[in-house]
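What follows is each chain in one-letter form.
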Amino acid sequence: NVPEDQADKLLLASWGLPKAVLEKYHSLGVVQMFDWQAECLMLGEVLEGKNLVYSAPTSAGKTLVAELLILKRVLETRKKALFILPFVSVAKEKKSYLQ
């Protein structure tokens, strides 16, 4: 679990994302993360590009963790990222709102 002194890390606004990105997530009803999602982002050097392997049931929020990691790295390093998704429908959905 996320320590109480870091409870603000559950809020998307705490992760240094641009206002436009936060507004898009908020329009989709995503304002904060689950504890396990924030834990993933706070593990070791994940935010510096180290590997992360995590598992959760379908529709648990795995994609949000990947999106946040990718967005932060792309914005901070100004490099491109490759986001591989399992289904065409998911890829089209992500393309639509990540633009």
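Described in the following lines is the structure provided in the data block. Quick caveat: nothing in here was measured; it's all calculated off a predicted structure. (Residues numbered from 1 in each chain as written. Predicted model: local features only at pLDDT ≥ 70, side-chain atom pairs only at ≥ 80, totals over all residues. Heavy atoms only, no water.)

### Observations concerning the overall build of the protein
Check the secondary structure of the protein and you find 4 helices and 0 strands. The helix and strand sequence of the protein, counted from the amino end, reads α-α-α-α. Taken over C-alpha atoms, the radius of gyration comes to 13 Å for the protein, in line with the 13 Å a tight globule of 99 residues would show. Dimensions along the principal axes, computed over C-alpha positions, put the protein at roughly 40 × 30 × 30 Å. Sorting the 99 residues of the protein into buried and exposed places 25% on the buried side. A separation threshold of at least 6 residues defines the contact pool for the protein, and within that pool the share at least 24 residues apart is 54%. For the protein, the computed accessible surface area is about 7,000 Å², with 55% contributed by carbon and sulfur atoms. (Helix = DSSP H or I, 4+ residues; strand = E, 2+ residues; numbered from the N terminus. Rg over C-alpha atoms; globule rule 2.2 N^0.38 Å. Buried < 20%, exposed > 50% of the residue type's maximum accessible area, 1.4 Å probe, protein only. Contact = heavy atoms within 4.5 Å. Areas by Shrake-Rupley, 256 points an atom, 1.4 Å probe, with all protein chains shown as cover.)

### Looking at the packing of helix α2 (residues 35–42) against helix α3 (residues 62–77)
Where α2 meets α3, the axes come as close as 10 Å, and the angle between the chain directions of the two elements is 35 degrees. In this structure, α2 crosses over α3, and the sense of that crossing is right-handed. Facing Trp 36, Gln 37, Cys 40 and Leu 41 of α2, the residues of α3 in contact are Lys 62, Leu 64, Val 65, Leu 68 and Leu 69. Across the contact of α2 with α3, the residue classes break down as 7 nonpolar, 1 polar and 1 charged. (Axes fitted to C-alpha atoms, helices over the stretch in contact; angles between N-to-C directions. Left-handed = near helix turned anticlockwise from the far one by under 90°. Nonpolar A, V, L, I, M, F, W, Y, C, P; charged D, E, K, R; others polar.)

### Quick notes on unusual backbone geometry
One non-glycine residue, Ser 59, adopts positive backbone phi at about 65 degrees. Tracing the backbone shows Ser 59 in the loop between α2 and α3. One non-glycine residue, Arg 78, lies in positive phi territory at about 60 degrees. Of note, Arg 78 is situated in the loop between α3 and α4 (88–98). Since its relative accessible area comes to 68%, Arg 78 is described here as exposed.

### Focus: the layout of surface pockets
In this structure, the largest pocket spans a volume of roughly 820 Å³. As for the largest pocket, its lining consists of 32 residues, of which Tyr 54, Lys 62, Thr 63, Ala 66 and Phe 83 are closest to the centre. At 9 residues, the largest contribution of residues to the lining of the largest pocket is made by α3. Among the residues making up the lining of the largest pocket, the classes are represented as 20 nonpolar, 6 polar and 6 charged. Size it by volume and the second largest pocket reaches roughly 170 Å³. In terms of lining residues, the second largest pocket is bounded by Ala 20, Val 21, Lys 24, Tyr 25, Leu 71, Tyr 97, Leu 98 and Gln 99. Mapped onto the lining of the second largest pocket, the elements with two or more residues apiece are α1 (19–27) and α4. Per-element accounting of the lining of the second largest pocket gives the leading share, 4 residues, to α1. (1 Å grid on protein atoms, 1.4 Å probe; cavity = no way out; pocket = protein on both sides within 12 Å on 5 of 7 lines; lining within 4 Å. Points joined across faces, edges and corners; volume = space filled by probe spheres on them.)

No statement about biological role is implied by the geometric values presented.
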